[in-house]
Every structure is written in structure tokens, then in C-alpha cells.
Amino acid sequence: MFKKIKTILVLIGFVLTLQSLFAQRQTYNFNSDWQFKTGEIEGAEATTFDTQGWTQVTLPHAYNQEEAFLKAIDEHSTGIVWYRKNFILPEDAKGQKIFLEFEGIRQGGTIYVNGKQVGLHENGVMAFGLDVSDIVVFDGKPNSIALRIDNDWHYRQRSTNATYRWNNINFNANYGGIPKNVFLHVTDKLYQTLPLYSNLKTTGVYVYATDFDIPQAAATIHVESEVKNEYDTPKTFQYSVAVFDLDNKKVAEFSGDETKLAPGELTKVSAAQRLGDLNFWSWGYGYSYTVKSMLKVDGNIIDEVSTKTGFRKTEFKDGKVYLNDRVLQMKGYAQRTSNEWPAIGMSVPAWLSDFSNRMIVEGNGNLVRWMHVTPWKQDIESCDRVGLIQAMPAGDAEKDSQGDHWKQRTNLMRDAIIYNRNNPSIVFYESGNDAISEPHMAEMKSLRDTYDPYGGRAIGSREMLDSREAEYGGEMLYINKSARIPMWATEYSRDEGMRKYWDEFSPPFHKEGDGPLYKGEPATSYNHNQDRHAIEDVIRWHDYYEARPGTGHRVSSGGVNIIFSDSNTHYRGEQNYRTSGEVDPMRIPKDGFFAHQVMWNGWVDTEEHGTHMLGHWNYKPGTQKDFYVVSTGEKVELFINGKSQGFGKKAYSFLFTFEDLRFEPGNVKAVSYDAEGRILSTAEKTTAGTPHSIRLKRLEAQLPFKADGADVALFEVEVVDKDGQRCPLDNSKIEFELDGPATWLGGIADGPDNYIESKVLPVENGVNRVMIQSTTQAGSIKIKAKASGIKNASIELDSEAFETQNGLASVLPGADLPSYLDRGPTPKTPSFSWKRKPVFIRSAQTANEEDEPYLSYDDNELTEWRNDGQEKTGWITYTLAKEAEVNECVIKLTGWRRKKYPLRILAGDEVLFEGESWQSLGYITIPLKTVKTDEITVQLAGAQKEEDGFNDIVEVDPNKELDLFKDDKAAAAKGQLRIVEIEFYEKL
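These notes cover the structure that comes with them. If you're wondering where the values come from, they're calculated on a predicted model, not measured in any experiment.

**Here's the deal with the overall build of the protein**
Turning to step 1, where the next piece is worked out: Looking only at helices and strands, the protein has seven helices and 57 strands in total.
Turning to step 2, where the next piece is worked out: For 988 residues, the compact-globule estimate of 2.2 N^0.38 gives 30 Å, and the C-alpha radius of gyration of the protein, at 31 Å, lies within 12% of that figure.
Turning to step 3, where the next piece is worked out: Dimensions along the principal axes, computed over C-alpha positions, put the protein at roughly 115 × 75 × 55 Å.
Turning to step 4, where the next piece is worked out: The buried share of the protein, reckoned over its 988 residues, is 63%.
Turning to step 5, where the next piece is worked out: Pairs at least 24 apart in sequence give 73% of the contacts found in the protein among residues at least 6 apart.

What follows is the structure, encoded as C-alpha cells:
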């Protein structure tokens, strides 16, 4: 018996030895069991430091996140904060490599493990790694980690004394401490490195595809790993790859060459194979694959890295963006990278990131341009899942940088590319929030080519209209076109408006534009009612739609509206936060969200028709007002209680106005038709009854509510009539009660302290949302909602136990979230039809032989042709490449926003157009008398008139900047004809 037991013990020991010899990588969730305390605390890094009185939290958690939307951005708490935790490593980790991965801290932090300084990180944005293998202890002994973090707005880099320009009090909300996830990795001493260049100087795994054949659903998949041997002896290994689809079915397995590494040697290994039957990642189709790269010794896996990625083909040519061989006009939002929510800031669970980013896709947006700084990994991975294209910046404030500031930017871009290059949703790298020099653009491009040469990502910057280095460009607010690199507007429609205000005829009867002054001037653009805010969205998008692919040789690749959700950043309206969002901070849609959903429903041209009526149908009897409909049809007819009110007046491609419409209780219906009178889409609204009851529902209710101390549950509260219809004019105060193991986060509304964390919260326009956060205790939770005079409501849920032991958990944040596939794969049909045919210019002649008339048609919006200022020389004659029946002239005239040019356009002596040009944000299309000709003259027929056509656009001074080519005498010049770009077209 004794011998038998001894044999069993020997066998067990042998198995354990084998397990230690061939132990695979383990990645642990390191977010639990943290404590923090603000202020400078001497000796807080010591292993035995007493943390009695410190606040217990689960990461991600900014120490000042409760101030989100409570305080203006420049009032966010700053200073020193300490974070600490204790942890015990698993038994099988002994003798292995131990790494810590921080997705980011804010701003600069010193990290200590077991009382010893192990690292410093200062950029406040990017992920970084630490090798703590020689410092941690094993055998069940506790380890300690402590971070001293300083989130001062004026934090200076220790080595250079330089500030960080993106640590900016206007746009980069200062959620300090550790507002992102932390992981602990245990690997063999022969291992694939982590993609964490700061501190570790390693680049990890790189997965990419080449030689796409979209019709045959095929591509060659490449996998490359940086491998290091930290054994004292040489190691020989086989590099193997397995690819799994979204259903976890293995679809491929292939290997690279056998490799021998000397002790301490670092090398790159790779393998590739052509795969068919691929599902390509696409807009609204977040299809992903899991690529497992493995190191095998004697046939045994000793290290395995799982990389979730997607495969898609991109091209950037002819002024267009191509995704999987289909042209896609960019439409979406310039979103603050903080992407915050009330009372919790940016540190939300992964599912809530999906909820927010998926709304952009559901609203038919395809691009999010994160502003100024790289987003955290959670948002990047979220965009992968929901099928939302990203433009990823590094770090920037405004304008170019020099010296140490430029080094900070390039270092951050390098780190961001390495960390995020396997995420298919990143399609653009942004080198600056404004133009940078050509040498700097070349530097950034070199970083891309070094670390991500095959990722199919264009690198560029705002402006860069004539750059030969940038691969995309585009101004803020103005319309740009190109036949070369794509041009898309990096910010447009910067107006603001609160969700609370429907229009001037609805409680609280806010007069359109009424609010405090901004910089001593009326701030009408920043205090919109919902209807006017939405109308402005339509007006602004119209310009990009008119110049979309299919409208000529030179086209606009679209643009992004600023911003998607109201943000706790620089504001101009009556609130202490920015209300430019098309949804409010709780992601409740404003009318502008639905307007975009209608206008953007297609890759380029409209593919699915839609109609949305702005506002509600609950006015006082006898109310007369203009009623607005946003629709994709050629005409829209309105019916009130079944009786036609006629057709709306169409403007800006999508806006239909019914003037002085008289309200009648009941039903209003909009019917949209094509040019032949066929019905395309309809929309209806019905008058709601008096408030009857509260309706309370949990959003995303199918998700478990984890008792990890960080999860969030989101609830919508509505006041409804007896038939369950929302009462759109109700602003009742709701009183909430919370019972059970959860923390009240609440919501937001207009009022004292924005009602942040208050258990009394008004609905606005009949609806609001509230949140609770889990504790580390599982149990039953009940929320009650009551208000005076209406029926109360309650809802119950259970929080599920979350297993964490010794400071480590095996369940990783977001690991269980599904991909959003609702839009389906990239369609195989063309995304646009040609609307007209360009007639190219062969040459041009002016009164002055020394002129350069080519500048008026050189596909460069930073050049122009101008005459010498005398009216008699204000003409230019174009010789066309062929004789054609020209019927349109598209022209961008210098001073496009302010100037009206009296023009005469002729073919020989025949006048094709005579009249004034009109102001625009770029191009205008002038209809011409159709005539067959190969020569057209554009004449100045008098002195220009000066009058800003866009007085409400106050953030770009029309007296300077690009629309007058920084010519301080241009506004006064009267005899000049100045053409930036001109194009001629004939009918198809």
C-alpha cells in the first residue's frame, strides 16, 4: 500500500513537472482589490504600509470620476493620488516571467512593486508594460504594488521639463489615477513579447492580410511574432498558427520555420497561408477571427498568444475611400476620446462602450474620429465588435509641435501603432489635430511604415490639402474635394443645444438661441432648440452629400460631425459641459440623431429610404408653427388625421418645411415619394394623453450584472399615458429608491449640480436614464421610481458573483461580448451611380501672360488664380479637352464664405450664365445654358460684394484663414476674380 501511494505521488510530481516545463501563458484581470487615497503620502510605496481609511475600488476607476458633468472641465480635481493593492501569484507562476500591463494612467505615475520602483510613465494616454519577474515573490507570499500618480494640468516630463500639450484644459477631461484596465501576464521564459514599447521596448504579435480577392473571399494571412529567450541555454522551437472563426471553429493551421534562439536573444518569426471562405470585417459587420500564435518545443506548446482581429481590404485613391472594393463616403462623429458618462467618467464597463459606439452605427455613422489623443483599448476593441471605423490620433492640442513636444508626439504615435495595429476598425492614423510640416508628416509616415506597413491604414492630418506626404486630409467646417487623396472634414456642425428644449412652442418655451454670452457676443449657435440644432445638421451635411462620389472627377469623401454625445469638455452654451452631441450624456437621442440616421443610410448614395419628423405632436390647440420633416424622398406629403396638408418645401437635399402648420390633436403622418410618385417611406406621430404612470426598464437586460465592483446597469425611465405612449412634454421629478448591494450613480438633467448622483431626477421630454454600479457582494437589487400624481414603478435584478482570488481574476473585461453583425457583409453592388460627366480642361488663357491659370484647376485647394485687381483683366478662358454639351459649372471662389462675385459665363459670345455667385462653405454649382462648345470664358461683371453668408459660424474667422488665403487685403479688394478650383460637367 505504501509503495502504491509513493508511486502515485511520484506520478503526480512528474505531471506537475511536465506542467511547469510546458506551462502556457496566463493572462489575469488585475482590476480587483485596489485602494486609493488623495494627497502626498510619504512612504506609501512600502510593502507594510497601513492603508486603513483608504477607499476600496475596482478598476477601471478615476479617483475624481464622480465629478464627471458635475464640474466644468477646468474645475476637475487635480493633484497627487496613491493607488495600492496586494496580490499573491499562483503556484505555477514560480520560475516564469511576470509582466504588468496598464492600459493607461493619468497623468504621470511612478510604479512600485514590493517597495521598489519598477517604472515611470508620463504621457497620460497610452498603455505601458513592466517586467516584474525579478521583484515579485512566490510560494503564497503576498506582493504589493503602489502607484503615485500626478494629474496636474501642468505636469512636466521629468527628463525634459516639457509639458504635455494634449494634457489640455479645454478638450481632454482630466479623469486622474487609473481610469483604464490593468492585466497581469505569466509566460514561459521563451515567450512572444507584449506590444508594449514604453518600458519593455517590445512589439508583440502582428497579424495582417495581403493579396485580397474580395469576390472569391480569399486573402493571404500573415502572422508575425517577436520572440525572446530568457533561459540560460539555447532554445529551439517551432512557430505554429491556428485561426478560429467567430463560432470558435478552427479554419486553418499552419507553421513557420523552426528557429533556434541563443540565451537573451530577441528575434521575429512568421508564418503565412492563403485562406478562402473568409468573412471580411466591414461597416456594421464586426466579424472577427481569433489567431493563436504558438511556440512549440518538442511538439509541446509552451507559449500561446490569442489575437482577436479582422481582415478587410482598404484603398485610398481617386479622392475616395474603398472598403472591400466598395466606395464608402465617411460619415460619423468627431468624438471626445474621454467618451464619458455622468458620475463615472470614462471608466465604464466594456458593454457600455459597445452600447455607445453601436449607437453610432445604428444611426448609420461609419466613422468615429477620436479627438486629440489615442482612445483606450476598450473603445478600440468595442469599435472592432460593432463595425465602426476609427481615425486614431496619437496626442496633440492644436498646430504642429517642435523639440521635446514633437518627440513626445512621435513616441506616443509609435506606441499607439504597435499596441493597436491588429484592430481592424482603425483605418486612419491621425498625425495631428491641425496641419503639420511635410518633414514631420514624413516622420509619422515612416513610423507607420516601420511598425504597420501592411495594415491598410492611411496616415494624414487635418488640413494637409496640398501635402505630398499625407494620405488623407480635410479642413474643419469647410468643403474639400480631391481627385487624388481622400478629403473628409475632420469637424463640422459645431453648434450646441440641450435635449431639454424641443422648440419655442413647447415647455419650457426656450427661445431659440437664448442663453449667456460667449466671449462677450451672443451665442445663438450654442443655445439651440432641438429642431434648429437638427436643421443645422441637415444644412451642413447637404454640402458633403452634394459633392459625394459619383458627382464628378473631384469629390468629397465626407466628414464627421462634432460630437456624438454631450461631453464634459470645453463648452459655449448655458451648461457647464458641451452640448454639441446628437445624443445627451446618457445617450438618449436628440432629433439630430434621427436626422443623421435618415441622411446617412447608404455607403454613398441612399440605399434604404427613411423619413423622420422633427419634434412631437402635443401642442396647445390652435398652435401654428413651421413643421419639419427630414426625408430621402423627392417630395413629402403631410397628413393630419388623414387629411392632406400638401407637400413640403424642399431644401438642402433632405429638409421639407410645412409653413404655419396648424396643430390638431390626433395623428400626423409624413409620406415620402420618389419623382414618379411611388411611396418610399412614412413616419407617424400621435398625440399622447395625460401622464398616467412611470415605465422603468433595464437596457441590455440580457447581460449579467457582475458583482465585481465595477459593472454598471443602465435603466430608462419614462412618463407614459394610459396607453403606454411616452408623454413628450412631461418634465416630472422622479424619486428613486435603491435597495440591495449596488451603488447609485444616477443620471443627468438641467438643474442644481446637474442632478449628478441625485436620487431625485426629472425626466426631460418624458424620458431619462439612470445607472447603478455593482459592489463586490452578489445579491438581489430593487429600484423603485415614484412621482406625484402618477403610478409608480419598480424593477428587480440580481448581481452575479464574480470570482476573484488574491487580487487576480480569470475573466477578462469584455471577453464575453458578441460582435454586431446587423448590417451584414459588404454588399457586392456599386455604392453609387454617376450623376454627371466631367469635361476636362486642356488649357487656359488670361489677360496676363505671366499668370498661372492652371492654378484654378490643379486639384489643389491651397492654390488659386487671381487677376491683377482691375475689372478689365477679370476674365479667364478655358479650352476644354473635347467639344461637349456643358450644362454645369462647379466653382470654388476665394472668399467663398463672404464674397459675392458678379459673374458672366460665356461660350464664345453666347451667355450661359449671368448673375451673382452665392456664399457657401466651399463649392457652388452654377447651372449653365446647355451649349456644345470646347471653350468657356468666366468673366468678372462688376465689383464683388462683401457679406458673411454664415454669421452663426463663429469659430473660423472669415476675414482670414483659408477662405481668403491669409491675405489681409483680400476683403477690401473689389476688382479681383479669384478662382481656387473650377470644374465643368455635361449630362450623362
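There's plenty left to go through after this.
**Looking at the pattern of salt bridges**
Turning to step 1, where the next piece is worked out: Applying the stated criterion across every chain yields a total of 62 salt bridges.
Turning to step 2, where the next piece is worked out: Close ionic contact of Arg-540 with Asp-543 constitutes a salt bridge, the shortest N to O distance being 3.7 Å. Here Asp-543 and Arg-540 lie together in helix α6 (residues 530-546), a separation of three residues that amounts to about one turn.
Turning to step 3, where the next piece is worked out: By relative accessible area, which is 19% here, Asp-543 ends up buried.
Turning to step 4, where the next piece is worked out: As a salt-bridge pair, Glu-914 and Arg-904 come within 3.0 Å of each other at their nearest N and O atoms. Of this pair, Glu-914 sits in strand β54 (residues 910-916) while Arg-904 sits in strand β53 (residues 902-907), and the two are ten residues apart along the sequence.
Turning to step 5, where the next piece is worked out: In the salt-bridge network here, residues are joined through shared partners; they are Arg-369, Glu-398, Lys-399, Glu-430, Asp-434, Arg-462, Glu-463, Glu-491 and Arg-494.

**Structural notes on the sheet that holds strand β33 (residues 635-640)**
Turning to step 1, where the next piece is worked out: With antiparallel pairing, the four strands of this open sheet are ordered in space as β34-β33-β37-β38. The two strands at the open ends of the sheet, each matched to only one other strand, are β34 (643-647) and β38 (679-686). The average undirected angle you get between the axes of adjacent strands in this sheet is 20 degrees.
Turning to step 2, where the next piece is worked out: Pairing of β33 with strand β37 (residues 667-673), which is carried by six bridges, proceeds in the antiparallel orientation. Within β37, the residue paired with Lys-635 across the bridge is Tyr-673.

**A closer look at empty space enclosed by the protein**
One water molecule sets the probe size; rolling that probe over the atoms shows where empty space is left.
Turning to step 1, where the next piece is worked out: Under the counting rule described, the total for this entry stands at ten cavities of 30 Å³ or more.
Turning to step 2, where the next piece is worked out: Around the largest cavity sit 15 residues that line it, and Arg-106, Gly-124, Asn-172, Lys-180 and Met-346 are the ones nearest its centre.
Turning to step 3, where the next piece is worked out: Among the residues forming the lining of the largest cavity, the class breakdown is seven nonpolar, six polar and two charged.
Turning to step 4, where the next piece is worked out: Counted by class, the lining of the second largest cavity contains five nonpolar, one polar and six charged residues.

**Quick look at unusual backbone geometry**
Turning to step 1, where the next piece is worked out: With an omega dihedral of 0 degrees, the bond running from Leu-59 to Pro-60 counts as a cis peptide bond.
Turning to step 2, where the next piece is worked out: Tracing the backbone through its elements, the reader meets Pro-60 in the loop between β3 (55-57) and β4 (61-62).
Turning to step 3, where the next piece is worked out: With omega at 5 degrees, the peptide bond leading from Arg-106 into Gln-107 counts as cis.
Turning to step 4, where the next piece is worked out: With respect to the secondary-structure elements, Gln-107 resides in the loop between β6 (97-102) and β7 (108-113).
Turning to step 5, where the next piece is worked out: Positive phi values are uncommon outside glycine, yet Asp-33 reaches one of about 65 degrees.

**Here we look at the packing of aromatic side chains**
Turning to step 1, where the next piece is worked out: Tallied over the entire structure, the rule returns 43 aromatic pairs.
Turning to step 2, where the next piece is worked out: Aromatic ring contacts, followed pair by pair, group Tyr-333, Tyr-492, Trp-541, Tyr-544, Phe-564 and Trp-600 into a single cluster.
Turning to step 3, where the next piece is worked out: Its end group placed over the ring of Phe-244, Lys-292 keeps NZ or CZ at 4.7 Å from the ring centre.

**Focus: the environment of Gln-530**
Turning to step 1, where the next piece is worked out: In this structure, Gln-530 sits in helix α6.
Turning to step 2, where the next piece is worked out: As for Gln-530 and Glu-512, which are separated by 18 residues in sequence, their C-alpha atoms are 9.1 Å apart.
Turning to step 3, where the next piece is worked out: Not counting residues within four places of it along the chain, the set of residues in contact with Gln-530 comprises Met-498, Arg-499, Tyr-501, Trp-502, Lys-590, Asp-591 and Asn-765.

**Here's the deal with the environment of Pro-522**
Turning to step 1, where the next piece is worked out: Residue position: Pro-522 is located in the loop between β29 (489-492) and α6.
Turning to step 2, where the next piece is worked out: Its relative accessible area of 60% is what places Pro-522 among the exposed residues.
Turning to step 3, where the next piece is worked out: As a C-alpha pair, Pro-522 and Gly-455 span 67 residues in sequence and 47 Å in three-dimensional space.

**Regarding the layout of surface pockets**
Turning to step 1, where the next piece is worked out: Taken as a whole, the largest pocket holds about 1,300 Å³ of empty space.
Turning to step 2, where the next piece is worked out: Looking at the lining of the largest pocket, the elements that each hand over two or more residues are β1 (26-29), β12 (182-187), β19 (289-297), β20 (300-309) and α3 (377-386).
Turning to step 3, where the next piece is worked out: Of the residues belonging to the lining of the largest pocket, the class tally is twelve nonpolar, 18 polar and ten charged.

**Quick look at the packing of α6 against helix α7 (residues 591-599)**
Turning to step 1, where the next piece is worked out: It is at 8 Å that the axes of α6 and α7 come closest, and there the two elements cross at 30 degrees. Here α6 is positioned roughly parallel relative to α7, judged by the angle of their axes. You can see that α6 and α7 cross each other, and the crossing is right-handed. Together, Gln-530, Ala-534, Asp-537, Val-538 and Trp-541 of α6 and Asp-591, Gly-592, Ala-595, His-596 and Met-599 of α7 make up the contact between the two elements.
Turning to step 2, where the next piece is worked out: Classifying every residue of the contact of α6 with α7 gives five nonpolar, three polar and two charged.

Cut-offs applied
Along each chain, the written sequence defines residue order, and numbers are assigned to residues from 1. For this predicted model, a pLDDT threshold of at least 70 governs which residues receive local features, and a threshold of 80 or more governs which side-chain atom pairs are given and counted, while totals over whole chains, interfaces and linings are taken from all residues. Hydrogens and water molecules were not included; the side-chain quantities draw on all heavy atoms of the structure. Secondary structure elements follow DSSP: runs of H or I no shorter than four residues count as helices, runs of E no shorter than two count as strands, and numbering proceeds from the N terminus. We take the radius of gyration over the C-alpha atoms and set the globule estimate at 2.2 Å times the residue count to the 0.38 power. With a 1.4 Å probe rolled over the protein chains alone, any residue whose accessible area is under 20% of its type maximum counts as buried; one over 50% counts as exposed, and the rest are partly exposed. Throughout, a residue-residue contact means that at least one pair of heavy atoms, one from each residue, lies within 4.5 Å. The term salt bridge refers to a side-chain nitrogen of Lys or Arg lying within 4 Å of a carboxyl oxygen of Asp or Glu. Strand pairing follows a simple DSSP-based rule, namely that at least 2 bridges must link the two strands. Angles run from 0 to 180 degrees between N-to-C directions of axes, and those axes are lines fitted to C-alpha atoms, restricted for helices to the stretch in contact. Buried and open spaces are told apart on a 1 Å grid over the protein atoms alone, a cavity being a set of points where a 1.4 Å probe fits but cannot get out and a pocket being an open set with protein on both sides within 12 Å along at least five of seven lines. Residues with an atom within 4 Å of a point are the lining residues. Grid points are joined across faces, edges and corners, and a volume is the space filled by probe spheres set on the points. Note on residue categories: nonpolar means Ala, Val, Leu, Ile, Met, Phe, Trp, Tyr, Cys or Pro, charged means Asp, Glu, Lys or Arg, and polar means any other residue, Gly included. Aromatic rings from Phe, Tyr and Trp, taking only the six-membered ring of Trp, are treated as a pair when their centres fall within 6.5 Å; an angle between ring planes under 30 degrees marks them as stacked, one over 60 as edge-to-face, and anything in between as tilted. Placement of a positive charge over a ring is assigned whenever Lys NZ or Arg CZ falls within 6 Å of the ring centre and within 35 degrees of the normal to the ring plane. For classification purposes, angles smaller than 35 degrees are called roughly parallel, those larger than 145 roughly antiparallel, those between 65 and 115 roughly perpendicular, and all remaining angles oblique. We call a crossing left-handed when the near helix sits turned anticlockwise from the far one by less than a right angle, and right-handed when that turn is clockwise.

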